[in-house]
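Structural overview
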Amino acid sequence: MVRGSFPSRAFMRLERIHIPAQIPNGKPPLLFVHGAFSGAWIWEPWMQTLSARGWDCHAFSFRGHGNSEVPPHPNRVRVRDYVEDLRTVLAEFKIPPILVGHSLGGLVIQRHLMERDAPAVVLVCPVGPKGTWYATFDFLRRHPLDFIKGLIHLDLYQSVNTPEKTHHRFYAGRESAEWVAAGHSLIEGESFAAYLGDMLFPRIHPRQNPQPPMLVVCGELDQSVAPRTVRFTAQFQQAELLMLPNQGHIPMMVADRDTIASQVNDWLSRQSVPIVNSIPPVSPPSP
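Quick look at the structure, then. Since we're looking at a predicted model, the values are computed, not measured.

1. A closer look at the layout of surface pockets
Over the atoms a probe the size of a water molecule is rolled, and this reveals where empty space is left. Space inside the largest pocket adds up to approximately 420 Å³. Lining the largest pocket are 36 residues, with Phe-37, Leu-156, Ser-159, Arg-169 and Met-199 positioned closest to its centre. Elements represented by at least two residues in the lining of the largest pocket include exactly helix H4 (133-142), helix H5 (144-153), helix H6 (163-171), helix H7 (177-184) and helix H8 (192-199). Along the lines of polarity and charge, the residues of the lining of the largest pocket split into 20 nonpolar, 13 polar and three charged.

2. Focus on helix H2 (residues 79-90)
For H2, which comprises 12 residues, the first-to-last C-alpha distance of 16 Å matches the rise-based estimate of 16 Å (1.5 Å per residue) to within 8%. Of all 12 residues that make up H2, 10 are buried, and the element is covered over most of its length. Buried within H2 we find Val-79, Asp-81, Tyr-82, Val-83, Asp-85, Leu-86, Arg-87, Thr-88, Val-89 and Leu-90.

3. Focus on the environment of Ile-19
Inspection of the secondary structure puts Ile-19 in strand E2 (residues 13-19). The sequence separation of Ile-19 and Gly-131 amounts to 112 residues, and the corresponding C-alpha distance is 32 Å. Aside from chain neighbours lying at most four places away, what touches Ile-19 is Met-1, Glu-44, Met-47, Gln-48, Ser-51, Trp-55, Asp-56 and Cys-57.

4. Examining the pattern of salt bridges
This model, assessed by the stated rule, comprises 10 salt bridges. Of the charged contacts, one joins Arg-63 and Asp-85 as a salt bridge, the two residues approaching to 2.8 Å between their closest N and O atoms. Of this pair, Arg-63 sits in the loop between strand E4 (57-60) and H2 while Asp-85 sits in helix H2, placing them 22 residues apart in sequence. By relative accessible area, Asp-85 is classed as buried at 0%. Across the salt bridge formed by Lys-165 and Asp-146, the nearest N and O atoms sit 2.6 Å from each other. Of this pair, Lys-165 sits in helix H6 while Asp-146 sits in helix H5; the two residues are 19 residues apart in sequence, bridging distant segments of the chain.

5. Observations concerning unusual backbone geometry
The phi dihedral of Cys-125 is positive, around 45°, even though this residue is not glycine. Mapped onto the elements of the fold, Cys-125 is located in the loop between strand E6 (121-124) and H4. With phi around 60°, Asn-246 is a residue other than glycine that occupies positive phi space. As for its placement among the helices and strands, Asn-246 is situated in the loop between strand E8 (240-244) and helix H10 (257-270). What makes Asn-246 partly exposed here is its relative accessible area of 40%.

6. Some points on the side chain of Gln-247
The topology assignment puts Gln-247 in the loop between E8 and H10. Here Gln-247 is in contact with Arg-174, Gly-219, Glu-220, Leu-221, Asp-222, Val-254, Asp-256 and Ile-260, once residues within four sequence places are set aside.

7. A closer look at the packing of H2 against helix H3 (residues 104-113)
When two helices pack together, their arrangement is given by the angle between the helix axes and the distance between those axes. Relative orientation of the contacting elements H2 and H3 amounts to 75°, with a least axis distance of 9 Å. Taken together, the axes of H2 and H3 are roughly perpendicular relative to one another. On H3, the residues that touch Val-79, Arg-80, Tyr-82, Val-83, Leu-86, Arg-87 and Leu-90 of H2 are Leu-104, Leu-107, Val-108, Ile-109, Arg-111 and His-112. In terms of residue class, the contact of H2 with H3 is built from nine nonpolar, one polar and three charged.

8. Thoughts on empty space enclosed by the protein
A complete count under the given rule lists one cavity of 30 Å³ or more for this structure. For the largest cavity, the calculated volume is near 30 Å³. Lining the largest cavity, in full, are Gln-110, Leu-113, Met-114, Ile-204, His-205, Pro-206, Arg-207, Gln-211 and Gln-237. Counted by class, the lining of the largest cavity contains four nonpolar, four polar and one charged residues.

9. Concerning helix H1 (residues 44-51)
For H1, a buried count of seven out of eight residues is recorded, marking the element as mostly surrounded by other parts of the structure. Within H1 the residues assigned to the buried category are Glu-44, Pro-45, Trp-46, Met-47, Thr-49, Leu-50 and Ser-51.

Basis of the calculations
- Residues numbered from 1 in each chain as written.
- Predicted model: local features only at pLDDT ≥ 70, side-chain atom pairs only at ≥ 80, totals over all residues.
- Heavy atoms only, no water.
- 1 Å grid on protein atoms, 1.4 Å probe; cavity = no way out; pocket = protein on both sides within 12 Å on 5 of 7 lines; lining within 4 Å.
- Points joined across faces, edges and corners; volume = space filled by probe spheres on them.
- Helix = DSSP H or I, 4+ residues; strand = E, 2+ residues; numbered from the N terminus.
- Nonpolar A, V, L, I, M, F, W, Y, C, P; charged D, E, K, R; others polar.
- Expected span 1.5 Å × (residues − 1).
- Buried < 20%, exposed > 50% of the residue type's maximum accessible area, 1.4 Å probe, protein only.
- Contact = heavy atoms within 4.5 Å.
- Salt bridge = Lys/Arg side-chain N within 4 Å of Asp/Glu carboxyl O.
- Axes fitted to C-alpha atoms, helices over the stretch in contact; angles between N-to-C directions.
- Parallel < 35°, antiparallel > 145°, perpendicular 65-115°, else oblique.

Here it is in structure tokens:
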């Protein structure tokens, strides 16, 4: 495993993790894009599994996440800033990578694809065109005082600031208390502006160009992005849908993670994705 960083267009250092393929399979590399409250670290279990199956695996942390540099006003960062981070990282690749995004990272990839292309895409429990209204109302119903406190202080961390909340939102109540406590200790904050301005109102428009091969992965018990909205995202993006029985929002951090990563590997291996040196921009989306 190789850890490092490089400057973004905003002149901030972005954390990067690289796990080379053990035996290269001759296909494009994978670039993993994390979601809210996390960093590149959340992908390491899947990266280990997929590198053993021949994939050259890369991940990075958005500005203000993981070990990336923190911007002057992290609570004002928008999804467009995360898209800029993604494109900064993509510019470092000689061979355009397959994009794998989780939750908010899935939204970032979809916004990126409105103007650019990719060899193939995997969206894991993604925020899609319908946004995160389900999780918002669920949090309001379960923790009304914390919801109000979060609004007053513009603090999104209120929604995940205890192991119990993490257990419900991310693990669907399935994993052991010890497992959840370990995961909760890694949880980070998230920009309130990205939530209020982009996750509730994603503004994803249809592409005029054909979609790249795409898989949407949905946890049957997801309490952060409702399964019905993930299914809608798969239909909207004309993607294949992989339903994960009895799984929540972060299938990369559960006991069955290697099995789930193998299912993603099976889909990736079936795709006829050539190695190319560059991908031209696509036509702008219709208004």
